[in-house]
Amino acid sequence: MESLDQITHLILDMDGVLYRGSEPMPRLGELFAFLRERAIPFMLVTNNATKTPEERSKQLAAMGAQVLPSEILTSGQGAARYLLRQYPAGTKVHVFGMPSLRRALAEEGFVLADEDVKVVVASVDRDLNFEKVKVASRLIRKGALFVATNLDPNIPSEEGLVPGTGAMVAMLAAASGVSPIYIGKPEPILYEIAMAQMAAPLATTAAVGDRVMTDIVGGKRAGLTTICVLSGVSDRAEAEAAGTDFIFEDIGHLLDAWRAALSAKAS
Ligand SMILES: [Mg+2]
């Protein structure tokens, strides 16, 4: 893609792009008003499975952005939809993670259990304890498929970087001696599910993210145009080294450049 005016569909990361912890990025509401006004379908796609789409939608509404739960895809939902390709609804699954992840799997018809399971799905758990690590690693050792929602070692927050799924999954992997299958970015699975949901053409769909290792590398693997914003984890040098198509300070600067490209085309 040569210019931003060619974008017809957009996929956005959340943490570090739309907000940092509980703090919205400047001009967040304006970005979504622009997308609605131009009738550009979008999906918010996040490796973070600690909240449900309903909770994320409410959080964004409080920050001035109107986004439907159906326009949000978490790695927890991605994991559930990925597992449905191989396992029928009713299959027993053990969840190591937050209530939002349990809900994502239960909503697709999986039965949550602590023994005789076919699969262990793991994500960050803010109430982590020894017993939980013991149960999950034993099930994996016994042969349950080990699936991790993502690899991110940490999550940006208002306190700075805090431990993420990758850190806790590394502990389960060490304890069980088994490496997991990853669902989240940089795997292309979430981007593919989002594109299918929007019926988005590859050539005119762009992915916006702040973490090169996940958002940008994943976008490239999925064949998308990539846009890195420097308001989160990665810096310009990292974004350039990865061959990111467009780089902006934040979503406000992206919005200005997009509007400029559209008016240049119109004149
Ligand atoms: Mg991010």
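Use the structure listed above.
What comes next is a walk through the structure. Keep in mind it's a predicted model, so treat the numbers as computed, not measured.

### So, the pairing of strand β13 (residues 205-209)
For a regular strand, side chains alternate in direction, first toward one face of the sheet and then toward the other. When you tally the buried positions in β13, you get 5 out of 5 residues, the bulk of the element. Alternating positions in β13 separate into two faces, T205, A207 and G209 on one and A206 and V208 on the other, with burial throughout. In this structure, β13 lies alongside strand β14 (residues 225-229), joined through 4 bridges in parallel fashion. If you follow A206 over to β14, its bridge partner there is T225. Each parallel crossover has a hand, and the one from β13 via helix α8 (residues 212-222) to β14 is right-handed.

### Here's the deal with the sheet that holds strand β1 (residues 9-12)
Strands pair in a sheet through their backbones, by hydrogen bonds, and they do so in one of two ways: parallel or antiparallel. With parallel pairing, the 6 strands of this open sheet are ordered in space as β5-β4-β1-β13-β14-β15. Unpaired on one side and paired on the other, β5 (72-74) and β15 (246-248) mark the two borders of the sheet. Pairs of neighbouring strands in the sheet enclose a mean axial angle of 20 degrees, with direction left out of account. Its contacts with the sheet place helix α3 (residues 75-84) against β4 (42-46) and β5, and it is angled at close to 75 degrees to β5.

### Some points on the environment of A39
Note that A39 resides in the loop between α1 (28-37) and β4. Spatially, the C-alpha atoms of A39 and H9 are 9.2 Å apart, while their sequence positions differ by 30 residues.

Cut-offs and rules
- Residues numbered from 1 in each chain as written.
- Predicted model: local features only at pLDDT ≥ 70, side-chain atom pairs only at ≥ 80, totals over all residues.
- Buried ≥ 20, exposed ≤ 12 C-beta atoms within 10 Å, placed from the backbone.
- Helix = DSSP H or I, 4+ residues; strand = E, 2+ residues; numbered from the N terminus.
- Pairing = 2+ DSSP bridges.
- Right-handed = clockwise from strand over helix to strand, strands pointing away.
- Axes fitted to C-alpha atoms, helices over the stretch in contact; angles between N-to-C directions.
- Contact = placed C-beta atoms within 7 Å.

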